[in-house]
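A look at the structure
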Amino acid sequence: MAKTAVLGAGSWGTAFSLVLADAGNDVHLWGRRKEVCDAINQTRENPEYLPGILLPETIKASHDPAVVLADAEFVVLAVPSQQLRANLRDWARHIPHDAVVVSLMKGVELGTHLRMSEVIAELTGAGPERVAVVTGPNLAREIAQREPAAAVVACVDEGVAQRLQAWCHTPAFRPYTNTDVVGCELAGTTKNVIALAVGVADGLGYGDNAKASVITRGLAETARLGLAMGADPMTMMGLAGMGDLVATCSSPLSRNRTFGEKLGRGMTVDEIVASTRQVAEGVKSSDSVSELARLHGVDMPIVEQVAALIRGEATPKELVSMLVSRSPKPEIR
Ligand SMILES: NC(=O)c1ccc[n+]([C@@H]2O[C@H](COP(=O)([O-])OP(=O)(O)OC[C@H]3O[C@@H](n4cnc5c(N)ncnc54)[C@H](O)[C@@H]3O)[C@@H](O)[C@H]2O)c1
Ligand SMILES: O=P(O)(O)OC[C@H](O)CO
């Protein structure tokens, strides 16, 4: 049984802990709030983030990062992307020097434009062979209900990716390996922004043609950014790209799609943020990804328009008309 530390007891940290427990790991889950940890240990349930899901006995929760991280072979990070740096400043000294650090997060840091694996490398000093990413079409509640799903475990070192594949493979959760960490992270981050746009279309009452058009052109934007940053275009066609984009943009469970739908119905960003405790990463990533695109000279009109909407510089209807009335272009370029 490999000791695995999971830091972040929100929806995905908790659901992925269940996957890891099912795969035979000894899981130590860090939660920010003691009461959430106590509830998990005493009732086997995370009532706030995954109510109604019975968690295996092999998951032990604690709000002490030193206890959770001691002797961990694998360290999994699952906090909101913009909070990673501040937390890692505290956690890094407790991470064992040979542990593989796995990011579950889908975001690009505001200000630095760093991907989560880059933030991890900077703050822990871990080389690329010790930093990995798990991503794909993995809505937490479905995974926690042990519904079948596939995912990608990405590490530049194929051998490490294979170790991780065995570490999280269960009868319901099928991980594939990939060495394209850049592509996997960019795809996972950008799909949240595209899901906001699809949600806006939903909220405005548009039908499936509009949504399919945003999803497809969103994938084209993601692929252009990926290519400019050295990603493998095939990653965009796989689980981390198309797979996650389709799941997120079509699911009522997606926080990002739902956030966009509320915007489309006329709620403000502040009202929506105040209505939930859960993170919709695309809200902040719309800015960091559009800045990243500008730095790399890549045209990402959907991402830019979503960023303008979030900043309050456009209305949902203006977002749609700005996109449709752009100058005509060839589809492939
Ligand atoms: N939920 C999903 O279905 C899912 C699936 C795949 C990837 N992800 C990604 O996983 C990451 C975590 O998402 P989630 O769904 O678990 O989010 P969540 O909102 O459900 O939970 C976030 C967790 O982080 C904690 N947190 C909030 N602010 C914090 C801070 N300042 N310091 C430390 N902890 C803090 C919260 O208490 C909570 O435990 C995100 O990047 C998300 O995109 C989520
Ligand atoms: O609920 P969302 O929108 O954060 O999406 C969750 C996952 O990233 C889907 O794979």
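Along each chain, residue indices are assigned from 1 in the same order as the chain's sequence is written. Chain letters start at A and ligand numbers start at 1, both assigned in the order the entries are written. In keeping with the predicted nature of the model, local features appear solely for residues at pLDDT of at least 70, side-chain atom pairs appear and are counted solely at 80 or more, and the whole-chain, interface and lining totals rest on all residues.

1. A look at the overall build of the chain
Rules: By definition, any uninterrupted DSSP run of H or I lasting at least four residues is a helix, any uninterrupted run of E lasting at least two residues is a strand, and each is numbered from the N terminus. Only the C-alpha atoms count toward the radius of gyration. The rule for a globule is 2.2 Å times the residue count to the power 0.38. By definition, residues are in contact whenever their C-beta atoms, placed on the basis of the backbone, come within 7 Å of each other.
Regarding its fold elements, the chain presents 16 helices and eight strands. Its C-alpha atoms give the chain a radius of gyration of 19 Å, near enough to 20 Å, the size a compact globule of 333 residues would have. Across the chain, the fraction of contacts at a sequence separation of at least 24, relative to all contacts at a separation of at least 6, is 70%.

2. Section: the UniProt feature "domain: Glycerol-3-phosphate dehydrogenase NAD-dependent C-terminal" (unreviewed entry) in the chain
Selection rule: UniProt positions are given in the numbering used here, feature names are shortened, and annotations may be inferred rather than shown by experiment.
Here the UniProt-annotated "domain: Glycerol-3-phosphate dehydrogenase NAD-dependent C-terminal" (unreviewed entry) positions come out as residues 180–320. The span residues 180–320 is 75% helix and 0% strand, and its two end C-alpha atoms sit 33 Å from each other.

3. Points about the UniProt feature "domain: Glycerol-3-phosphate dehydrogenase NAD-dependent N-terminal" (unreviewed entry) in the chain
According to UniProt, the "domain: Glycerol-3-phosphate dehydrogenase NAD-dependent N-terminal" (unreviewed entry) feature falls on residues 4–159. End C-alpha to end C-alpha, residues 4–159 measures 18 Å, and it is 33% helix and 21% strand.

4. Considerations on the domain arrangement of the chain
Note the threshold: Segmentation into domains, and thus their bounds, comes from an automatic or database assignment.
On domain assignment, one finds that the chain holds domain 1 (3–179) and domain 2 (182–324). A C-alpha centroid distance of 24 Å is found between domain 1 and domain 2. Listed by partner, the interface residues are 27 residues for domain 1 and 27 residues for domain 2. Sort the elements by how many residues they give to the side of domain 1 that touches domain 2 and strand β7 (residues 149–154) lands first, with four residues.

5. A look at the sheet that holds strand β3 (residues 59–62)
Convention followed: Pairing between strands requires that DSSP locate at least two bridges from one strand to the other. Note on definitions: angles span 0 to 180 degrees between N-to-C directions of axes, and those axes are lines fitted to C-alpha atoms, for helices only across the stretch in contact.
Strand order across the open sheet formed by eight strands is β3-β2-β1-β4-β5-β6-β7-β8, with mixed pairing between neighbours. Looking at which strands have only one partner, the edges of the open sheet turn out to be β3 and β8 (173–178). For this sheet the average axis-to-axis angle between neighbouring strands, irrespective of direction, equals 25°.

6. Looking at unusual backbone geometry
Comment: phi is negative for the bulk of residues other than glycine, and the bulk of peptide bonds are trans. Under the convention used in this document: Counting other C-beta atoms within 10 Å of a residue's C-beta gives its exposure: the residue is buried at 20 or more, exposed at 12 or fewer, and partly exposed in between, where C-beta atoms are placed from the backbone.
Phi is positive for R44, which is not a glycine, with a value near 60°. Relative to the helices and strands, R44 resides in the loop between α2 (34–43) and β3. Its identity is not glycine, yet R146 carries a phi of approximately 60°, on the positive side. Turning to its location among the elements, R146 is positioned in the loop between α6 (140–144) and β7. The class for R146 is partly exposed, based on 16 C-beta atoms found within 10 Å.

7. Concerning the site of ligand 1
The criterion, for reference: Here, nearness is defined through the C-beta atom: a residue counts as near a molecule or strand if that backbone-placed atom lies within 6 Å of it. Side-chain classes follow a simple rule in which Ala, Val, Leu, Ile, Met, Phe, Trp, Tyr, Cys and Pro form the nonpolar group, Asp, Glu, Lys and Arg form the charged group, and the remainder, Gly included, forms the polar group.
Around ligand 1, the surrounding shell holds 24 residues, and the nearest of these are G10, S11, W12, M105 and A140. Among the elements that take part in the shell around ligand 1, helix α1 (residues 11–22) stands out by supplying three residues, more than any other. For the shell around ligand 1, a count of residues per class yields eleven nonpolar, ten polar and three charged.

8. Topic: the nonpolar core
It is characteristic of soluble globular proteins that their nonpolar side chains tend to be buried jointly. As a reminder of what qualifies: Definition of nonpolar core: a set of buried Ala, Val, Leu, Ile, Met, Phe, Trp, Tyr and Cys residues joined via C-beta atoms within 7 Å.
Residues V75, V76, L77 and A132 are the most contacted members of the largest nonpolar core, which totals 109 residues. Sort the elements by how many residues they give to this core and helix α8 (residues 181–203) lands first, with twelve residues. No fewer than three residues from each of domain 1 (3–179) and domain 2 (182–324) sit in this core. Ignoring anything within four residues of it in the chain, the contact list for A132 reads V100, V102, V153, A154, C155, V160, A161 and L164.

9. A few points about the site of ligand 2
Lining the immediate environment of ligand 2, one finds 13 residues, of which N138, T248, S254, R255 and N256 sit closest. Only α8, α11 (239–250) and α12 (255–264) provide two or more residues apiece to the shell around ligand 2. Per-element tally for the shell around ligand 2: the top contributor is α11, with three residues. Its residues assigned to classes, the shell around ligand 2 comprises four nonpolar, five polar and four charged.

10. Here we look at the pairing of β8
Defined as follows: A clockwise path from the first strand over the helix to the second, with the strands pointing away from the viewer, defines a right-handed crossover.
Alignment of β7 against β8, held across six bridges, turns out to be parallel. Bridge pairing in β8 links A151 to P175. This β-α-β element, β7 to helix α7 (residues 158–168) to β8, shows right-handed connectivity.

11. Some words on the environment of Y49
Looking at where Y49 falls in the secondary structure, it is placed in the loop between α2 and β3. Classification of Y49 as buried rests on a count of 23 C-beta atoms within 10 Å. Along the sequence, Y49 and G13 sit 36 residues apart, while their C-alpha atoms lie 9.7 Å from each other. When sequence neighbours within four positions are dropped, the list of residues in contact with Y49 reads G10, S11 and T14.

12. Notes on the environment of F74
You can see F74 is positioned in strand β4 (residues 74–77). Taking C-alpha positions, F74 is 9.0 Å from P96, a pair spaced 22 residues apart along the chain. Apart from residues no more than four positions distant in its own chain, F74 is found in contact with A2, T4, A99, V100, V102 and W167.

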